[in-house]
Each structure stands twice: as structure tokens, then as C-alpha cells.
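Breakdown of the fold
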Amino acid sequence: QVQLRESGGGLVQAGGSLRLSCAASERAFGTYVLAWFRQAPGKEREFVGARSGSTDGTWYAGSMKGRFIISRDNAKNTVYLQMNSLKPEDTGVYYCAARRGGLGSLVGEYDYWGQGTQVTVSS
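Residues numbered from 1 in each chain as written. Predicted model: local features only at pLDDT ≥ 70, side-chain atom pairs only at ≥ 80, totals over all residues. Heavy atoms only, no water.

**Concerning the nonpolar core**
Grouped together as the largest cluster of nonpolar side chains are 34 residues, with contacts concentrated most on Leu4, Leu20, Trp36, Phe68, Leu81, Met83 and Tyr94. Mapped onto this core, the elements with two or more residues apiece are β3 (18–24), β4 (33–39), β5 (46–52), β7 (68–73), β8 (78–83), β9 (92–99) and β11 (117–122). Here the element with the most residues in this core is β4; it accounts for five residues. The residues touching Met83, leaving out its near neighbours within four places in the chain, are Gly16, Ser17, Leu18, Leu20, Arg67, Phe68, Tyr94 and Val119. (Core = buried A, V, L, I, M, F, W, Y, C linked by side-chain atoms within 4.5 Å. Buried < 20%, exposed > 50% of the residue type's maximum accessible area, 1.4 Å probe, protein only. Helix = DSSP H or I, 4+ residues; strand = E, 2+ residues; numbered from the N terminus. Contact = heavy atoms within 4.5 Å.)

And the structure:
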């Protein structure tokens, strides 16, 4: 069973930065794709970005590219989402997800999910 646990959410002012963490079970970290999604109130869950455990390749949603960066700490089995230049529209619950195979951007492609962490960006 793959286990994921997000942390690091909170309240930040527009223009600020925040770093989210996703601690993954060892089984998932080495070979799975780990991704970040987010869900704003009343909206569907959307893809933020993903990083492959096997190739270390990354893929970001267009609106996040350049502002958000996904990195990993192999020693801690943790993937990070560094979010810069935050905007009020970045507000939502951020989820970590895992899948086997290649990078994917669809919710249905991911088999394992964390419980999410709330990010609120004030204007």
C-alpha cells in the first residue's frame, strides 16, 4: 500500500511563497510518479505538476510553469512543491498523488492520494 502525507499548507499573502511537502512510503518514492494536484472551492481538481521517480523528469501545468517547482529529497522519501509569486487564485486544497508508469496529468491516472493540505492566498 502506498501512503502519502502532505504538509506545509497555510495562509500567505499574494506575492509570497510557500513550500509543501509530500512524504511518501519507500515503495512509492523510488519508482512511482509523484504529482501535485489542487482543488479550489467549487471547482474540479486540477493538475499542478509531476515528477518521475525513475527518470526524474518533470511536467508542469502551463499556468504553474515558472512559478512552481517540484523537487525531491531521496533521503527523506519526500517530494516538495515550491510555490512562488502566489496569487489569490492559487487558493485551494493541494493533494499529492502517485502512480506507476509515465508522467500523467489526469486525476483518473493516479491510484493513490494523500488527504490534502489547505493553501490560502490573501490579496
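**Looking at the pairing of β3**
Most of β3 is tucked away, with five of its seven residues classed as buried. Bridge count for β3 against β8 is six bridges, and the pairing is antiparallel. Bridge assignment links Leu20 to a residue of β8, and that residue is Leu81. (Pairing = 2+ DSSP bridges.)

**Some details on the state of the cysteines**
On inspection of all chains with the given rule, the structure shows one disulfide. For Cys22, the disulfide goes to Cys96, at an S-S distance of 2.0 Å. On the S-S bond that ties Cys22 to Cys96, the torsion sits near -75°, and the link is left-handed. With a gap of 74 residues between them, Cys22 in strand β3 and Cys96 in strand β9 connect regions that are remote in the sequence. With respect to burial, Cys22 and Cys96 carry one shared label: buried. (Disulfide = S-S within 2.5 Å.)

This is a description of form; function is not addressed.
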